[in-house]
Amino acid sequence: MAEEVHGKLGHVMANPAAKLLSLSGLFAVYKPKGPTSANVLNQLKEKLLAEAGIQKCVRKRKKQILKIGHGGTLDSAAAGVLVVGIGKGTKMLGNILAGSKKYLAIGELGKATDTLDATGKVTEEKPYDQITKEDLERVLQKFTGDIMQVPPLYSALKRDGQRLSSLMKKGEAVEAKPARPVTVYSLSLQNFQSPLFTLDVECGGGFYVRSLVSDIGKELSSCANVQELTRTKQGPFTLEEHALHEDKWTIDEIAQSLEHCMSFLAVEPSLKKLKTEHSEESTVNCEDK
């Protein structure tokens, strides 16, 4: 039937709504600094539904007419690659969440904040003039491999169904989550101009760069916070090659990106099978960074 998502190709190409609802797979978008990952996802969804001419009254039905999710929260203050699943692609997001990510982080020595980044209030200041490039490089070795890490209080982790960051902003007392095992595949110092230092980090799922930078500051008998954070890679998706900027958030552009991305994902062993246990709701709430 012409109305069905998997209708004839000619009808799908001529009907934006049918083409949108036929999209399935994984692609990547660029998340700018400022909005939350959920806000970016909602903005993307709104643009696609508007282009397809699907009205709001239709969207209020209990069943989602367009299934879409992302593969791991990127901090509001961070920018970079955000992997998106659409249609059956949402079932593949669990693999992306558990996979490796790469970040470029600029840290600042001598200042600690409550959020562990530049958006928070300064809670402590310590001397840093004595710290050398060699000191930093030596300390980085301690944070490579399988390590234990305490997640930030300001994070997407939850307590009683509410994000810790939301509870903190309400002024509620929040206990730190226990340290948990995380993996750092590679960690290198790209630049050092005191008090600023730039790190290139490749890590596994559930890793927080903010905690890493804070821990590095403590290890150097000082303190530190993240000034800038960019996710340059998530799984096989890179910032330069795959992340669509907002002006490319159209049905046709995403269809082309899906075709390209799903071709190289076909050779990724961990992504060959669709995993049905990962729904849109679970993926949207997953945290990382």
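If you look the protein chain up in an unreviewed UniProt entry, it shows as Pseudouridylate synthase TRUB1 from Chrysemys picta bellii. Per its UniProt entry, the protein chain bears the Sequence similarities (unreviewed entry) comment "Belongs to the pseudouridine synthase TruB family."

Asker: Whenever I open this one, the pattern of salt bridges confuses me. Can you help?
Answerer: Think of it this way: side chains of opposite charge can pair up when their charged atoms draw near. By the definition in use, this model includes seven salt bridges. Glu124 is paired through a salt bridge with Lys126; the nearest N and O atoms lie 3.7 Å apart. Across the pair Glu219 and Lys142 runs a salt bridge whose closest N-O atoms are separated by 2.8 Å. Here Glu219, found in helix H8 (residues 209-219), pairs with Lys142, found in the loop between helix H6 (133-140) and strand E7 (145-149); they are 77 residues apart in sequence, far enough to count as distant. For Glu219, a relative accessible area of 37% translates into the label partly exposed. Of the residues examined, Lys142 reaches a relative accessible area of 52% and is grouped as exposed.

Asker: Honestly, the environment of Lys233 in this entry has me stumped. Any pointers?
Answerer: Along the chain, the position of Lys233 falls in strand E12 (residues 224-234). Exposure remark for Lys233: the relative accessible area of 29% places this residue in the partly exposed category. When near neighbours in sequence (up to four residues on either side) are disregarded, Lys233 contacts Val81, Lys101, Lys102 and Thr238.

Asker: Mind showing me how you'd approach helix H3 (residues 37-52) here?
Answerer: Count 3.6 residues to each turn of an α-helix, and residues three or four apart come out pointing the same way. Taking 1.5 Å of rise per residue, the 16 residues of H3 would be expected to cover 22 Å, and the 23 Å separating its terminal C-alpha atoms lies within 8% of that figure. Here H3 has its buried residues at Ser37, Val40, Leu41, Leu44, Lys45, Leu48, Leu49 and Ala52. Along the long axis of H3, the arc covered by the buried residues comes to 165°, so they all point the same way. Of the residues trailing H3, Gly53 is marked for its positive phi of about 75°.

Asker: Sorry if this is basic, but what is going on with the pairing of strand E4 (residues 101-109) here?
Answerer: On any regular strand, side chains alternate: one points to one face of the sheet, the next to the other face. Where E4 and strand E11 (residues 196-203) come together, eight bridges link them in antiparallel fashion. By the bridge assignment, Glu108 is partnered in E11 with Leu196. Judged from the nine bridges that link them, E4 and E12 form a sheet pairing that is antiparallel. Opposite Gly107, over in E12, you have Val226 as the bridge partner.

Each value, and the rule that gives it
- Residues numbered from 1 in each chain as written.
- Predicted model: local features only at pLDDT ≥ 70, side-chain atom pairs only at ≥ 80, totals over all residues.
- Heavy atoms only, no water.
- UniProt positions renumbered as here; feature names shortened; annotations may be inferred.
- Salt bridge = Lys/Arg side-chain N within 4 Å of Asp/Glu carboxyl O.
- Helix = DSSP H or I, 4+ residues; strand = E, 2+ residues; numbered from the N terminus.
- Buried < 20%, exposed > 50% of the residue type's maximum accessible area, 1.4 Å probe, protein only.
- Contact = heavy atoms within 4.5 Å.
- Expected span 1.5 Å × (residues − 1).
- Arc of directions from axis to C-beta.
- Pairing = 2+ DSSP bridges.

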